[in-house]
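Summary of the model geometry
The primary structure of each chain is shown beneath.
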Amino acid sequence: MPHAQEYSRRGRLRAVNQSRTVIIKVGSAVLSDAQGLNTEVMSDLARQIALVRNGRGDAPQRRVVLVSSGAVAAGRAVLAASGQRPDIADLAARQAAAAVGQGQLMRAWDTAFAAHGVNTAQILLTRDDLRSRERFLNIRNTVAALLHWNALPIVNENDTVSVSELKFGDNDCLASLLVNLTGADLFVNLTSAPGVRTADPRLEPDAPVMECVEDVGSLDLKRLCGSKTEAGSGGMYSKLLAARRAAQIGVPTLILPGRSPHVLTLAFGLHCEPDLYLKEDSDGPERRPPGTWVQPLAHAISRRKFWLAYQSEPAGAIVVDAGAAEALLRRGSSLLPGGVRAVEGSFQKGALVRLSHEGQSLGVGLSNYNAAELKKIMGRKRHEVAAILGDAHYPEVIHRDNLLLDAAV
Ligand code: GLU
């Protein structure tokens, strides 16, 4: 086995064995078919998740938080059975279908987990809930109490109250925010794909699955995901974005084929010898560890910067000149008014904004100025800013402490 492959498999084995708090996200395409929820698939996943919680012993060893989609899919099937055909391109219809389906989804999970003696707990969240510090702490306390009781929190977006700017966009994003909230040490994303392929499977159906991704930031996402590279559009793009966020706080991600038999117990070394994938002859297809392993980054960002960068969608954008881009990227500087070339969108003071230079995204940060003020002072020197805005102004447009370069947005 090549050295790099062995090295990554050892890292994967160690991280999986040592994991104690795991976010497992499962998508609608895994849980449902045209007829609605597939209870067989759900029962089998519940069986495997119960084993993952227990590890190799009897006492629960891992805390698991499940992020489950499927409310809209379940609701549509129920409605179809009574002759209703909601148009899911319509946000209100999606929200209403989710309201019909969420109860079904929880009932199905509850039944599936009861067979293994696991109590479930429903948590519905909007992005706004995580933006407010007070709510963030309330959610964290609730999740901590549930995990302390060995209950299984099952989280979904609260589709009924979400409007477009409040939406997580998709449950991949929600799951990545929960990695931070729970202090998880492993993120597992169960999808309908076999893992991350080396090219867009719609163009190259035989593109092989990558066993390991060292840094999502260095992948050519256009080639891998084709045109589906809008946040919130689901698909592999949003999974890679979520994995990249987790990697930034030092947490690895497993992207796994959710319907592949025994996928979780195989991935956690519970279905086979734990070191099976390290044996000499283990690079044949049947001896490959399932899915794709996304490594954590060596230099983790602080949880505060993570929260700052990902708690909301950027409200606008600031285009900077070459000098400012250089200062931000190479010297760790703050952004000053003189380096601002253009301001896009209308945002409030304190808003999260994107930073870019010549079409390249540089990162995100919190703006000390609203868009209108910033337009008045962009490109100006400090004394000119004072003359325009008076003495009570900030020297920086974005302070470096409130800036995340290379953000996964
Ligand atoms: N909250 C939606 C549902 O349960 C799914 C969102 C997603 O799949 O990302 O149907």
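Worth saying up front: this structure is predicted, and the values here are computed from it rather than measured.

**Focus on the site of the ligand**
Neighbouring the ligand are Ser69, Gly70, Ala71, Val72, Asn156, Asp159, Asp170 and Asn171. A distance of 2.9 Å separates an oxygen atom of the ligand from a polar backbone atom of Ala71. Asp159 has a polar side-chain atom sitting 2.8 Å from a nitrogen atom of the ligand. Class assignment for the residues of the shell around the ligand results in two nonpolar, four polar and two charged.

**Observations concerning the packing of aromatic side chains**
For the structure shown, the criterion picks out three aromatic pairs. Both rings, one in Trp109 and one in Phe113, keep their centres 5.5 Å apart while their planes meet at 35°; by these two values the pair is tilted. Separated by four residues within a single helix, Trp109 and Phe113 lie in helix 5 (residues 91-114), roughly one turn from each other. Comparing Trp109 with Phe113, the two get one shared label, buried. Residues Phe306 and Tyr310 carry aromatic rings whose centres are separated by 4.9 Å and whose planes lie at 75° to one another, so their mutual orientation is edge-to-face. A residue pair is termed a helical-turn pair when its members lie 3 or 4 positions apart in one helix, as Phe306 and Tyr310 do in helix 12 (residues 303-310) at four residues. Of the two residues, Phe306 and Tyr310, neither departs from the other in class, the shared state being buried.

**Overview of the environment of Gly323**
Mapped onto the secondary structure, Gly323 falls in helix 13 (residues 322-331). Between the C-alpha atom of Gly323 and that of Gly27, which follows or precedes it by 296 residues, the distance is 44 Å.

**Structural notes on the pattern of salt bridges**
For the structure shown, the criterion picks out eleven salt bridges. In this structure, the salt-bridge partner of Asp44 is Arg47, at a minimum N-O distance of 3.0 Å. Of the two residues, Asp44 and Arg47 both sit in helix 3 (residues 39-54), three residues apart, roughly one turn of that helix. With relative accessibility at 29%, the residue Asp44 sits in the partly exposed group. One salt bridge connects Arg135 with Asp129, and the closest N-O pair in it is separated by 2.5 Å. On the basis of relative accessibility, which here comes to 12%, the residue Asp129 falls in the buried class.

**Observations regarding empty space enclosed by the protein**
What the rule picks out here adds up to two cavities of 30 Å³ or more. What the second largest cavity holds in volume is close to 50 Å³. Around the second largest cavity, the lining residues are Leu130, Phe136, Leu177, Asn180, Phe306, Trp307 and Gln311. Secondary structure elements with two or more residues in the lining of the second largest cavity: helix 8 (171-182) and helix 12.

**Looking at the nonpolar core**
If you look at the biggest cluster of nonpolar residues, it comprises 51 residues, and the most contacted ones within it are Ile23 and Leu240. Going through the elements one at a time, strand 4 (63-68), strand 5 (120-125), helix 7 (133-148), helix 8, helix 9 (221-225), helix 10 (235-248) and helix 12 are the ones with two or more residues in this core. Setting aside chain neighbours within four positions, we find Ile23 in contact with Val65, Val67, Ala175, Leu178, Val179, Thr182, Ala184, Leu186, Phe187 and Val188. In terms of nonpolar packing, the next biggest core, distinct from the first, is built from 39 residues, Ala46, Val52, Leu66 and Leu254 among them.

**A word on helix 3**
For helix 3, which comprises 16 residues, the first-to-last C-alpha distance of 22 Å matches the rise-based estimate of 22 Å (1.5 Å per residue) to within 8%. Where helix 3 is concerned, the buried positions are Val41, Met42, Leu45, Ala46, Gln48, Ile49, Ala50, Val52 and Arg53. The opening residue of helix 3, the one whose side-chain oxygen lies 3.1 Å from the backbone nitrogen of Glu40, is Asn38. Residue Gly55 follows helix 3 closely and has a positive phi angle near 60°.

The rules behind these values
Residues numbered from 1 in each chain as written. Predicted model: local features only at pLDDT ≥ 70, side-chain atom pairs only at ≥ 80, totals over all residues. Heavy atoms only, no water. Near = heavy atom within 4 Å. Polar contact = N/O pair within 3.5 Å; in protein donor to acceptor, adjacent residues only side chain to side chain. Nonpolar A, V, L, I, M, F, W, Y, C, P; charged D, E, K, R; others polar. Phe/Tyr/Trp six-rings, centres within 6.5 Å; stacked < 30°, edge-to-face > 60°. Helix = DSSP H or I, 4+ residues; strand = E, 2+ residues; numbered from the N terminus. Buried < 20%, exposed > 50% of the residue type's maximum accessible area, 1.4 Å probe, protein only. Salt bridge = Lys/Arg side-chain N within 4 Å of Asp/Glu carboxyl O. 1 Å grid on protein atoms, 1.4 Å probe; cavity = no way out; pocket = protein on both sides within 12 Å on 5 of 7 lines; lining within 4 Å. Points joined across faces, edges and corners; volume = space filled by probe spheres on them. Core = buried A, V, L, I, M, F, W, Y, C linked by side-chain atoms within 4.5 Å. Contact = heavy atoms within 4.5 Å. Expected span 1.5 Å × (residues − 1).

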